[in-house]
Amino acid sequence: MLIIGITGTIGAGKGTVVDYLTSRYGFKHYSVRKYLTELLQDQGIEPNRDHFTALANSLREKNNSPSYIIEELYRTASMHGDDAIIESIRTLGEIDKLRTLDNFILLAVDAEQSLRYQRVFARNSETDAVGYEKFKSDEEREMKSSNPNNQNLADCIALADYTIFNNDGLTELHEAIDRIIEKITKVNKIKDSR
């Protein structure tokens, strides 16, 4: 069972990477956003970025584990046993936990900030309906933290095994993903032959 963890900046194309990996390579997708959305809806709270962040930080702190949410998603994934994507990795504790697995790869997705905002604006979802200044302040809040329960995207991205800079079109993105999957496959074949 291969686990690919996806980290990256807001609007970089993490969801598009997930869509391609699930449709082209058959990965199963386990989403932090979906997990948090369901919890918020159960509580009658509007799912938006501020509420996602507050709930995620609270769950990690309350359960005394910076990797709590990822552990929950991994537990579900391991019951099925298929190659899986866990999206989106946001704390160092989540990476530390997943690195204890035999077959874990961390993939980061990034792009220029103005391009990412255009993408977020264009997707027009309830959770992304924010102005550029709010977009920038949300990103700044999520980029660095010394609290292990809070988002720390900058350090997560720095620890990635592979990084895609998604500044071009869909074809280039798909080609970059294909190259990464080819490298992962070669590494796994070498491991299996030992």
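Note that the structure is predicted; figures quoted are calculated from it, not measured.

Q: Where do I start with the side chain of K14 in this structure?
A: Note that K14 resides in helix α1 (residues 14-25). Buried charged residue K14 carries no salt bridge. Nearest counter-charge: E87, at 5.7 Å. If we ignore the near neighbours within four places in the chain, the residues touching K14 are I6, T7, G8, T9, E87, S88, R90 and V109.

Q: What is the right way to look at the nonpolar core in this model?
A: Within soluble globular proteins, side chains that are nonpolar tend to cluster in buried spots. Core analysis: the largest hydrophobic core is formed by 26 residues, its most contacted members being Y35, L36, L59, I69, L73, I86 and I89. For this core, the elements supplying multiple residues, two or more each, are α2 (32-42), α3 (49-62), α4 (68-80), β3 (84-87), α5 (92-98), β4 (104-110) and α8 (153-158). The greatest single-element share of this core, amounting to five residues, is contributed by α4. Excluding residues that lie within four positions of it along the chain, L36 makes contacts with F52, L55, A56, L59 and I69.

Q: Hey, could you run me through the sheet that holds strand β5 (residues 162-165) in this one?
A: What holds strands together in a sheet is hydrogen bonding between their backbones, with the strands either parallel or antiparallel. The five strands are arranged β2-β3-β1-β4-β5 in an open sheet whose pairing can be described as parallel. This sheet does not close on itself; its edge strands, each paired only once, are β2 (28-31) and β5. When the angles between neighbouring strand axes are averaged without regard to direction, this sheet yields 25 degrees. Sheet topology places β4 next to β5; four bridges connect them, and they run parallel. Its bridge partner being in β5, A108 is matched across the sheet by T163. Relative to β2, α4 is tilted by about 160 degrees, and along the sheet it contacts β1 (3-8), β2 and β3.

Reading the values: the criteria
- Sequence order sets the numbering: in each chain, residues are counted from 1 along the sequence as written.
- Only residues with pLDDT of at least 70 get local features here, since the model is predicted, and only at 80 or more are side-chain atom pairs given and counted; chain-wide, interface and lining totals rely on the full set of residues.
- With hydrogens and water set aside, each side-chain value is computed from the structure's full complement of heavy atoms.
- The numbering of helices and of strands both runs from the N terminus, where a helix is a DSSP run of H or I of at least 4 residues and a strand a run of E of at least 2.
- Exposure is judged per residue with a 1.4 Å probe applied to protein chains only, and the accessible area is read against the type maximum: over 50% gives exposed, under 20% gives buried, and values in between give partly exposed.
- For this count, His and the chain ends are skipped, Lys and Arg are scored as positive, and Asp and Glu as negative.
- Any carboxyl oxygen of Asp or Glu within 4 Å of a side-chain nitrogen of Lys or Arg constitutes a salt bridge here.
- Contacts: residue pairs with any heavy atoms within 4.5 Å of one another.
- We call a set of buried Ala, Val, Leu, Ile, Met, Phe, Trp, Tyr and Cys residues a nonpolar core when their side-chain atoms join them within 4.5 Å.
- Paired strands, as defined in this entry, are two strands with at least two bridges between them according to DSSP.
- Helix axes are fitted only over the stretch in contact, all axes being lines through C-alpha atoms; the angle between N-to-C directions runs from 0 to 180 degrees.

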